[in-house]
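Geometric and topological summary
Here are the chains, one letter per residue:
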Amino acid sequence: MSSDATTAIPTLPFAEAAGAAPEPETPLLGLGASLPQADARAKAEGTFPYAADLWAEGLLWAAILRSPHAHARIVSVDTSAAEAMPGVRAVVTAADVPGTATYGRRVADRPVFADGLVRHHGEAIAAVAADHPDTARLATAAILVEYELLEPVTDPEKAFAAEPLHPDGNLIRHIPLAFGDPEATGEVVVEGLYRVGRQDPAPIGAEAGLAVPRPDGGVELYTASTDPHTDRDLAAACFGLAPDQVKIVVTGVPGATGDREDPGFQIPLGLLALRTGCPVKLTATREESFLGHAHRHPTLLRYRHHADAEGRLLKVEAQILLDAGAYADSSSESLAAAVAFACGPYVVPHAFVEGWAVRTNNPPSGHVRGEGAMQVCAAYEAQMDKLAGRIGVDPAELRMRNVLSTGDLLPTGQTVTCPAPVAELLGAVRDFPLPALPKDTPEEDWLLPGGPEGAGEPGAVRRGVGYALGMVHMLGAEGTDEVSTATVRVLDGVATVICSAVDTGSGFSTLARQIVQETLGVDEVHVAPVDTDQPPAGAATHGRHTWVSGGAVERAAKMVRTQLLQPLAHKFGMSTELLQISDGKITSYDGVLSTTVAEEMDGKELWATAQCRPHPTEPLDESGQGDAFVGLAFCAIRAVVDVDIELGAVRVVEMAVAQDVGRILNPAQLATRIEAGVTQGVGAALTENLRTARGLVRHPDLTGYALPTSLDAPDIRIVKLVEERDVVAPFGAKPASAVPVVTSPAAVAAAVRAATGRPVNRLPIRPQSAVAANA
């Protein structure tokens, strides 16, 4: 292919699925184009350097000793044998932490190394640096730890009455939401008890990092952090250093569906580099990855729905219990989302929800896409199916009678001011044609649940169709100060964006290029690597970089645009507002002025720095009331499944998705984000559950923890994307990947209920729950 060849715009699956006419040719640059990621080729060819690929002269290797027990008192730790091993350069324990002994991105309650007490399986006890990775791991095995075993508290319901597992107690947060009349009742009442399991982020690239000591006594950490400035501050406090003595350089992030590079990996690494004066590298095994990072909160949910005879909701009562594991992490925020969205995207005049997050001796829970919202979606959608069955109404029709819209109130008392096209989304998936039934021939056996080697018979397969509506909040919540800073610099017609927003696979770096291309008419745009010498941009969660960091880039680019246009406007006696930039050309409203951006940029250096800070929110009060969220995003999914009603095997045939996206900024990236979110949700529905026995993680590997593969992924039909822009958001766009993760497990469960007649009140769905009631 010649160097000047153009890139073809890919056919968009939502256009094909909806049977839409071909769109006119989209420009290759700017917002609305399917601009490919700059690093896509390097990643596809395997030449992109991740943290696990880094190297430094005089490198040492790190390994971490982790507790084999869920709850125990540490009687003694003897490191002498490890320290005496040839090649071992340092061993550090809790006694060697020079600064703050605990850390936490939200609550600083987690020790760097267990000190006197082990609170979960896999908790760090010590770390070793050696000249070979095998030596480091052998040295951890030589550390002698004497434990006094304690009875673990693994049932979150028993945590309320159990002895305190932590100095801060077992209760992390309690939210008693009260909205409306507690005496209200309905003609029809349905109840349910639901459980959602422990989903792991399961990054394909396990945690890795490199720590390099600095001449000034500080240290540089090269990791795939998704919140580098917070991680820097946490690490500096534990190191006993000032924040400016610690630098985090963000390496390539091998995907992130939750927090990446838990500080529990970073901080021991930095301590070893400071202790030895040498670069130290850590590459976690898959088992260490499972034991070391946080997971989705396992949740117990009790629901009671009241409705009138037509199925219109009158009141929802719920109790939600989140198992936070040993430490608080993001449990308070997850609980707020669960309680606020406990009724779903439906109008509910009266709601009374109590939520708790408690500590146990189970593995720690934390941020995973759609935290809190996913668990309650599975429960309230099961309740809607139960209600539809009770009054004899089609499940989609029942939902349509209750959907939320702009101007309605959430149970928190907050008015929905953003676009909320829930009815339009539901109508789109309901009316989309159903897939054809598979042929009952040997050539089509691969269509059966269980795959080509499955033991099932075609005659035992039943097809089910289920619906689900989901919602998530955008940005941080409850008073979180959301702010991001960006700099745009143009020199000799080449633009550079400097912003510490980490691209976790969300496509922010591509979006930043598109913003500058559209605003300044510059083709060549580079996004600088991220490190903590740059101003903070915040965490890569809740779609915030599209809104907050993208907004900062846009403002900086517009400031540069003004600098570029002012001399021309002054020369021709007009304001800059009367000039426009399009396709690399600068023209005036009357056509008198026509020049190119390249000519005006020649030899000039222009730059500007700007911030973006959305409007503030407020914490929920003692009754769960308050304007806690900046904005909301919605999704409707119709799942079609085939179930072997004798074996309980489930195959997801198709997921039809309609989503509220605000504005399409990059069609190809948007489709990919939605498809990835749906697939992650299918995993939560059918296979993903990090199982524990008395607090001990069973099979912490990708054999025991079953991720959906390409063969498990269903046909995903994006049937409608509603572009109703949120006027308070830059570009009007909404986050894309979290809301399909929230919605798809509930849709799969609904479809299995339709196929089997079973209640399906647990995720992931166990085979015994998918055997038909009359099989």
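Residues numbered from 1 in each chain as written. Predicted model: local features only at pLDDT ≥ 70, side-chain atom pairs only at ≥ 80, totals over all residues. Heavy atoms only, no water.

1. Observations regarding the overall build of the protein
In plain terms, the rule: For helices the rule is a DSSP run of H or I covering at least 4 residues; for strands it is a run of E covering at least 2, with both sets numbered from the N terminus onward. We take the radius of gyration over the C-alpha atoms and set the globule estimate at 2.2 Å times the residue count to the 0.38 power. The contact rule is simple, with two residues in contact once any of their heavy atoms fall within 4.5 Å. Surface accessibility in these figures is a Shrake-Rupley result with a 1.4 Å probe; residues are shielded only by whichever protein chains are displayed.
Secondary structure assignment for the protein yields 16 helices and 31 strands. Against the 2.2 N^0.38 benchmark of 28 Å for 775 residues, the protein shows a C-alpha radius of gyration of 27 Å, consistent with a compact globule. Viewed in the frame of its principal axes, the protein has a C-alpha envelope of about 80 × 70 × 60 Å. Once local pairs closer than 6 in sequence are excluded, the contacts in the protein between residues at least 24 apart make up 79%. Only carbon and sulfur atoms are counted for the fraction: they give 51% of the accessible area of the protein, which is about 30,100 Å².

2. Some remarks on the pattern of salt bridges
Our working definition: Any carboxyl oxygen of Asp or Glu within 4 Å of a side-chain nitrogen of Lys or Arg constitutes a salt bridge here. Relative accessibility under 20% of the residue-type maximum defines a buried residue, over 50% an exposed one, and the middle range a partly exposed one, all with a 1.4 Å probe and only protein chains included.
Enumeration according to the criterion identifies 33 salt bridges in this entry. With a shortest N-O distance of 2.6 Å, Lys 734 and Asp 660 are connected by a salt bridge. Residue Lys 734 is found in the loop between strand S30 (715–722) and helix H16 (738–756), and its partner Asp 660 is found in strand S27 (residues 650–660); the two are separated by 74 residues along the sequence. Accessibility expressed as a relative area gives 5% for Lys 734, which makes it buried. Note on Asp 660: relative accessible area 0%, which makes it buried. In this structure, a network of salt bridges that share partners links the residues Glu 191, Arg 304, Lys 315 and Glu 317.

3. Side note on the sheet that holds strand S22 (residues 579–582)
Pairing between the strands of a sheet is mediated by backbone hydrogen bonds and can be parallel or antiparallel. The test is simple: When DSSP finds two or more bridges between two strands, those strands count as paired. Working convention: axes come from line fits to C-alpha atoms, limited for helices to the stretch in contact. Angles between N-to-C directions cover 0 to 180 degrees.
Taken together, the three strands give an open sheet; going across it, the order is S22-S23-S24, and neighbouring strands pair in antiparallel fashion. Edge positions in the sheet fall to S22 and strand S24 (594–596), since each of these pairs with one other strand and no more. Averaged over all adjacent pairs, the angle separating strand axes in this sheet is 25°, with direction ignored. Here S22 pairs with strand S23 (residues 585–588) via four bridges, running antiparallel. Within the sheet, the bridge partner assigned to Ser 582 lies in S23 and is Lys 585. Helix-sheet contacts for helix H13 (residues 544–571) involve S22, S23 and S24, and the interaxial angle to S22 is about 130°.

4. Focus: a negative patch on the surface
Definition in use: Here, patches come from residues exposed beyond 30% relative accessible area and free of salt bridges, joined within 9 Å for like charges and within 5 Å for nonpolar side chains (Val, Leu, Ile, Met, Phe, Trp, Tyr). His is not counted, nor are the chain ends, whereas Lys and Arg count as positive and Asp and Glu as negative. Think of each charge as sitting on NZ of Lys, CZ of Arg, CG of Asp or CD of Glu.
Taken together, the side chains of Glu 618, Asp 621, Glu 622 and Asp 627 define an acidic patch exposed on the protein surface. Turning to its location among the elements, Glu 622 is positioned in the loop between strand S25 (605–612) and strand S26 (629–644). By relative accessible area, which is 65% here, Glu 622 ends up exposed.

5. Overview of the sheet that holds strand S6 (residues 117–118)
Spatially, three strands are ordered S6-S2-S8 in an open sheet, and the strand pairing comes out antiparallel. Two strands bound the open sheet, and with one partner strand each, they are S6 and strand S8 (144–149). One ladder, built from six bridges, connects strand S2 (residues 72–78) with S8; its direction is antiparallel. The residue of S8 that forms the bridge with Ala 72 is Leu 149.

6. A look at the pairing of strand S14 (residues 280–283)
Pairing between strand S1 (residues 60–66) and S14: two bridges, direction parallel. In the sheet register, Trp 61 faces S14, and the bridge partner there is Lys 281. Across four bridges, the pairing between strand S11 (residues 208–213) and S14 is antiparallel. Counterpart to Leu 210 in the pairing with S14 is Lys 281.

7. Overview of the side chain of His 295
One can find His 295 in the loop between helix H7 (286–292) and strand S15 (299–307). Beyond its immediate chain neighbours, meaning those up to four positions away, His 295 contacts Arg 198, Gln 199, Asp 200, Pro 201, Phe 290, Pro 363, Pro 364, Ser 365, Gly 366, Val 368 and Leu 690.

8. Structural notes on the packing of aromatic side chains
The condition that has to hold: Paired rings are identified among Phe, Tyr and Trp, the last through its six-membered ring, by centres lying within 6.5 Å, and are further divided according to the angle between planes into stacked (under 30 degrees), edge-to-face (over 60) and tilted (the rest). Look at NZ for Lys and CZ for Arg. If either is within 6 Å of the ring centre and within 35 degrees of the ring normal, a charge sits over the ring.
Applying the stated criterion across every chain yields a total of six aromatic pairs. Aromatic pair Tyr 346 and Tyr 380: ring centres 6.2 Å apart, planes at 85°, arrangement edge-to-face. With Tyr 346 in the loop between helix H8 (331–340) and strand S17 (350–359) and Tyr 380 in helix H9 (residues 373–391), the pair connects residues that are 34 residues apart, well separated along the chain. Summarising the burial analysis for this pair, Tyr 346 and Tyr 380 share the class buried. The aromatic ring of Phe 265 is capped on one face by Arg 66, whose charged end is 5.2 Å from the ring centroid.

9. Concerning the packing of helix H15 (residues 667–686) against H16
Keep this limit in mind: By the definition adopted for this analysis, an angle is roughly parallel if under 35 degrees, roughly antiparallel if over 145, roughly perpendicular if from 65 to 115, and oblique otherwise. By the definition used in this description, the sense in which the near helix is turned from the far one sets the handedness, with an anticlockwise turn below a right angle giving left-handed and a clockwise turn giving right-handed. Three classes are used: nonpolar for Ala, Val, Leu, Ile, Met, Phe, Trp, Tyr, Cys and Pro, charged for Asp, Glu, Lys and Arg, and polar for all others, with Gly counted as polar.
Packing of H15 against H16 brings their axes to within 7 Å, and their N-to-C directions diverge by 45°. As summarised for this structure, H15 and H16 are arranged oblique, according to the angle between their axes. Judged by the twist between their axes, the crossing of H15 over H16 is right-handed. On H16, the residues touching Ile 674, Gly 677, Val 678, Gln 680, Gly 681, Val 682, Ala 684, Ala 685 and Leu 686 of H15 are Pro 740, Val 741, Ser 744, Pro 745 and Val 748. Taken together, the residues of the contact of H15 with H16 break down into ten nonpolar, four polar and no charged.

10. Examining the nonpolar core
What counts is decided by this rule: Buried residues of nine kinds, namely Ala, Val, Leu, Ile, Met, Phe, Trp, Tyr and Cys, make up a nonpolar core once their side-chain atoms join them within 4.5 Å.
Tyr 303, Ile 320, Phe 341, Met 655, Val 748, Val 752 and Ile 765 are the most contacted members of the largest nonpolar core, which has 109 residues in total. Here this core gets eleven residues from one element, more than from any other, and that element is H9. Residues in contact with Phe 341, not counting those within four places in the same chain, are Ala 373, Val 376, Tyr 380, Met 471, Val 472, His 473, Phe 629 and Leu 632. Leu 31, Ala 557, Leu 564 and Ile 581 belong to the second largest nonpolar core, which has 46 residues in total.

11. A closer look at the pairing of strand S19 (residues 484–491)
Within S19, six of the eight residues are buried, which leaves the element mostly enclosed by the surrounding structure. Here eight bridges tie S19 to S25, and the two strands are oriented antiparallel to one another. In the strand pairing of S25, Thr 487 is matched with Thr 609. Of the pairings in the sheet, the one linking S19 to strand S20 (residues 494–498) comprises five bridges and is antiparallel in character. Across the sheet, Thr 487 pairs through a bridge with Ile 498, a residue of S20. Connecting S19 to the next strand, S20, in antiparallel fashion are two residues, including Asp 492 with a positive phi near 55°.

12. Observations concerning the confidence of the model for the protein
Which entries qualify depends on this criterion: Per-residue confidence from the prediction method is given by pLDDT, with values spanning 0 to 100.
With 93% of its residues at a pLDDT of 70 or more, the protein has an overall mean of 89. This stretch, residues 1–27, has a pLDDT under 50; its non-local contacts, to residues over four places away or in other chains, come to 26 contacts.

13. Side note on unusual backbone geometry
That bond from Leu 763 to Pro 764 is cis: its omega, -5°, falls within 30 degrees of zero. Here Pro 764 shows up in the segment after strand S31 (762–763). One non-glycine residue with positive phi stands out, namely Leu 475, at about 65°. Mapped onto the secondary structure, Leu 475 falls in strand S18 (residues 461–477).

14. Side note on the state of the cysteines
Test applied: Disulfide: a pair of cysteine sulfur atoms within 2.5 Å of each other.
All chains considered together, the criterion is met by zero disulfides. Cysteine Cys 377 shares no disulfide, and the gap to the nearest cysteine sulfur, in Cys 635, comes to 8.9 Å. Relative accessible area serves as the criterion here: at 0%, Cys 377 is assigned to the buried category. Residue Cys 499 stays outside any disulfide, its sulfur separated by 10 Å from that of Cys 612, the closest cysteine.

15. Details of the environment of Glu 723
Operational definition: N or O atoms within 3.5 Å of each other form a polar contact, as long as, within protein, one can give a hydrogen and the other can take it, and as long as residues adjacent in sequence are counted only when both atoms are side-chain atoms.
By the element assignment, Glu 723 lies in the loop between S30 and H16. With 59 residues separating them along the chain, Glu 723 and Ile 664 place their C-alpha atoms 7.0 Å apart. Setting aside residues no more than four positions away along its own chain, Glu 723 makes contact with Val 661, Gly 662, Arg 663 and Ile 664. One polar contact links the side chain of Glu 723 to the main-chain amide nitrogen of Ile 664, over a distance of 2.8 Å.

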